[in-house]
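Here are the chains, one letter per residue:
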Amino acid sequence: MGSINTPRFNTQSILAAETREICALEILSRRLPNFDDEVEMLELDIAALEHAAFLADRTGLRIHCNMEYSSLILAPWRRLRDHIRPGVVIELVERNELLMSQDIFTWMQEIVGRVRRNGGAIAIDDVSPNALELNVIKAFRPEIIKVCSRDGLLGVRDATGARLIIAERIESREHAELARELGAHEIQGYWCDRIAGHRLGQLALPQADTHPVWVPA
């Protein structure tokens, strides 16, 4: 299969909410990047996309890769095209305020179309059911929506219908059960890595955290 983790990247497992089987991996940088440096982010995002293509080819899993809007706009298309294929999911990170610019919005619509024509899929990360993000969902029609709280899950589920929803920051069995009951199709977080680690022996296990957003009101 080759190495799942590299000196530059870790991976985190995404599980089916019902069966707890591994259905996807997300690539994560081992160090906190400088998000204000577009050149640094461009090189990091392209390296992550290359690793995503490698893992998609060798594991048969869906592989998620975060990308900044700036990277998608600045990168020559050929540098992206060579690594976008079935199984690769481009996660649009939460910089939706940039889409207030009509030029950026129009260009991103074109890039999203190119990703799909190359066989890739689109996910939108950390979605809240506010007007701007719902407009982004309507415009980009992501195959996958990711939420990180019970309120976000409820709002997105009711507003967007049958799209695949991933609940993030799942830190316990109770979080996992609640997310499933509220309609999440897949789950992601520290607890998921703990129960999936023995199936992917090289999968990195991040530190546990406490996320009260999954505690019922």
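Further up the page is the structure itself.
Here's a quick rundown of the structure. Please read all numbers here as calculations on a predicted model, not as lab measurements. (Residues numbered from 1 in each chain as written. Predicted model: local features only at pLDDT ≥ 70, side-chain atom pairs only at ≥ 80, totals over all residues. Heavy atoms only, no water.)

## Brief notes about the packing of aromatic side chains
In this description, a pair of aromatic rings is defined by centroid distance and the angle of the planes.
Reasoning step 1: In this structure the tally under the stated criterion is 1 aromatic pair.
Reasoning step 2: A centroid spacing of 5.6 Å and a plane angle of 25° characterise the contact between F105 and F140, whose relative ring orientation is stacked. Here F105, found in helix α4 (residues 102-117), pairs with F140, found in helix α5 (residues 131-140); they are 35 residues apart in sequence, far enough to count as distant. F140 shares its class with F105; the two are buried. (Phe/Tyr/Trp six-rings, centres within 6.5 Å; stacked < 30°, edge-to-face > 60°. Helix = DSSP H or I, 4+ residues; strand = E, 2+ residues; numbered from the N terminus. Buried < 20%, exposed > 50% of the residue type's maximum accessible area, 1.4 Å probe, protein only.)

## A look at the pairing of strand β4 (residues 88-92)
Reasoning step 1: The buried count for β4 comes to 5 of 5 residues, which makes it a mostly enclosed element.
Reasoning step 2: Going residue by residue along β4, you find V88, I90 and L92 tucked away on one face and V89 and E91 tucked away on the opposite face as well.
Reasoning step 3: In this sheet, strand β5 (residues 121-124) lies alongside β4 in parallel orientation, the contact comprising 4 bridges. Following the sheet pairing, E91 is matched in β5 by A123. (Pairing = 2+ DSSP bridges.)

## Some details on the nonpolar core
Reasoning step 1: Membership of the largest hydrophobic core comes to 58 residues, with the highest contact counts inside it found for L80, I90, L92, F140 and I187.
Reasoning step 2: With 10 residues, helix α1 (residues 38-59) is the largest single contributor of residues to this core.
Reasoning step 3: Not counting residues within four places of it along the chain, the set of residues in contact with I90 comprises L49, C65, M67, L72, V115, A121, I122 and A123.
Reasoning step 4: Listed in part, the 7 residues of the second largest apolar core include I14, A24, A121 and I144. (Core = buried A, V, L, I, M, F, W, Y, C linked by side-chain atoms within 4.5 Å. Contact = heavy atoms within 4.5 Å.)

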